[in-house]
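One-letter residues, chain by chain:
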Amino acid sequence: MRENYYRDEIPSAPCPFEKFYPSQLERDDTFFMKLAYNQAIEAWKRGEVPVGALIVLDGEIIGKASNSVEGSGDPTAHAEILAISQACRHTGDWRLSGATLYVTKEPCPMCSGAALLGRVSRVVFAFADPNMGGLGGAAKIHRLPQSNHRFDVQEGILRDECLALLRSFFEIKRGDSRP
């Protein structure tokens, strides 16, 4: 039985990264990405791949989550999906018009599709994922010609910090130092 393959065979390690404590005075993209980064650290502490996400509407956080795939045993428990679900419960509507999704790495095709279907207005992510990114890295879900919704995409906020966090996680888990 391989249901606990990841947890049984790859030892957990403490997170060597510190959380950000951004000033509330400037609630811009960097501010919200720092809070998404903090969510990613929480994922690491639980032995999850360190990805964090926030949904912000009118300057208010209405959804926040970190990856929970391993703990839940659910392959759809990505930070983005969980944050989107939380935001929909908060608003009482599946449409998140006017909302921004902040995420520490480019969303996969599933999460990009959820953002598209949820009608978010904007997605901001730290760095591209050339293998599984759904917003330009490997696919362009938000540019499907048949789609009746479009959203803006911005890449690069806290790129170095978020990339270092994810790379370090896998280096420690694998016991290697691949670039």
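The notes below deal with the structure included here. Since we're looking at a predicted model, the values are computed, not measured.

### Thoughts on the pairing of strand β4 (residues 122-125)
And step 1. Strand direction decides the pairing type here: strand β3 (residues 100-103) and β4, joined by 4 bridges, are parallel. Its bridge partner lying in β4, Leu-101 is registered against Val-123.
And step 2. Assessed by its sense of winding, the connection that carries the chain from β3 through helix α5 (residues 109-117) to β4 is right-handed.
And step 3. Summarising the sheet, β4 and strand β5 (residues 152-155) pair through 4 bridges and their orientation is parallel. Of the residues in β5, the one forming a bridge with Val-124 is Gln-154.

### Let's talk about the packing of aromatic side chains
And step 1. For the structure on display, the rule yields 6 aromatic pairs.
And step 2. With a centroid separation of 6.0 Å and an interplanar angle of 55 degrees, the aromatic rings of Phe-17 and Trp-44 are classed as tilted. On the criterion of sequence distance, the pair formed by Phe-17 in the loop between α1 (5-9) and α2 (29-45) and Trp-44 in helix α2 is long-range, its members being 27 residues apart.
And step 3. Between Phe-31 and Phe-32 the ring centres are 5.0 Å apart and the planes differ by 80 degrees, which places this aromatic pair in the edge-to-face class. Phe-32 matches Phe-31 in its accessibility class, with the two residues each being buried.

### Digging into the pattern of salt bridges
And step 1. Applying the stated rule across the entire model yields 5 salt bridges.
And step 2. The shortest N-O distance in the salt bridge between Lys-19 and Glu-42 comes to 2.5 Å. Pair noted here: Lys-19 is in the loop between α1 and α2 and Glu-42 is in helix α2, with a separation of 23 residues, a long-range link.
And step 3. Since its relative accessible area comes to 28%, Lys-19 is described here as partly exposed.
And step 4. Across the pair Asp-29 and Arg-122 runs a salt bridge, and its minimum N-O distance is 2.5 Å. Within this pair, whereas Asp-29 is found in helix α2, its partner Arg-122 is found in strand β4, the two being separated by 93 residues in sequence.

### Concerning helix α6 (residues 159-174)
And step 1. Here α6 contains 16 residues, and its C-alpha end-to-end distance of 22 Å stays within 8% of the 22 Å for a straight helix at 1.5 Å per residue.
And step 2. Directly after α6, the chain includes Gly-175, whose backbone phi takes a positive value near 75 degrees.

### Some points on the packing of helix α4 (residues 79-91) against α5
And step 1. Remark: α4 packs on α5, axes separated minimally by 9 Å, with the N-to-C direction vectors making an angle of 20 degrees. Accordingly, the angle class assigned to the pair α4 and α5 is roughly parallel. In this structure, α4 crosses over α5, and the sense of that crossing is left-handed. Here α4 contributes Glu-80, Ile-81 and Ile-84 to the contact with α5, which in turn contributes Met-110, Cys-111, Ala-114 and Ala-115.
And step 2. Each residue belonging to the contact of α4 with α5 can be placed in one class, and the counts come to 6 nonpolar, no polar and 1 charged.

About the cut-offs
Residues numbered from 1 in each chain as written. Predicted model: local features only at pLDDT ≥ 70, side-chain atom pairs only at ≥ 80, totals over all residues. Heavy atoms only, no water. Pairing = 2+ DSSP bridges. Helix = DSSP H or I, 4+ residues; strand = E, 2+ residues; numbered from the N terminus. Right-handed = clockwise from strand over helix to strand, strands pointing away. Phe/Tyr/Trp six-rings, centres within 6.5 Å; stacked < 30°, edge-to-face > 60°. Buried < 20%, exposed > 50% of the residue type's maximum accessible area, 1.4 Å probe, protein only. Salt bridge = Lys/Arg side-chain N within 4 Å of Asp/Glu carboxyl O. Expected span 1.5 Å × (residues − 1). Axes fitted to C-alpha atoms, helices over the stretch in contact; angles between N-to-C directions. Parallel < 35°, antiparallel > 145°, perpendicular 65-115°, else oblique. Left-handed = near helix turned anticlockwise from the far one by under 90°. Contact = heavy atoms within 4.5 Å. Nonpolar A, V, L, I, M, F, W, Y, C, P; charged D, E, K, R; others polar.

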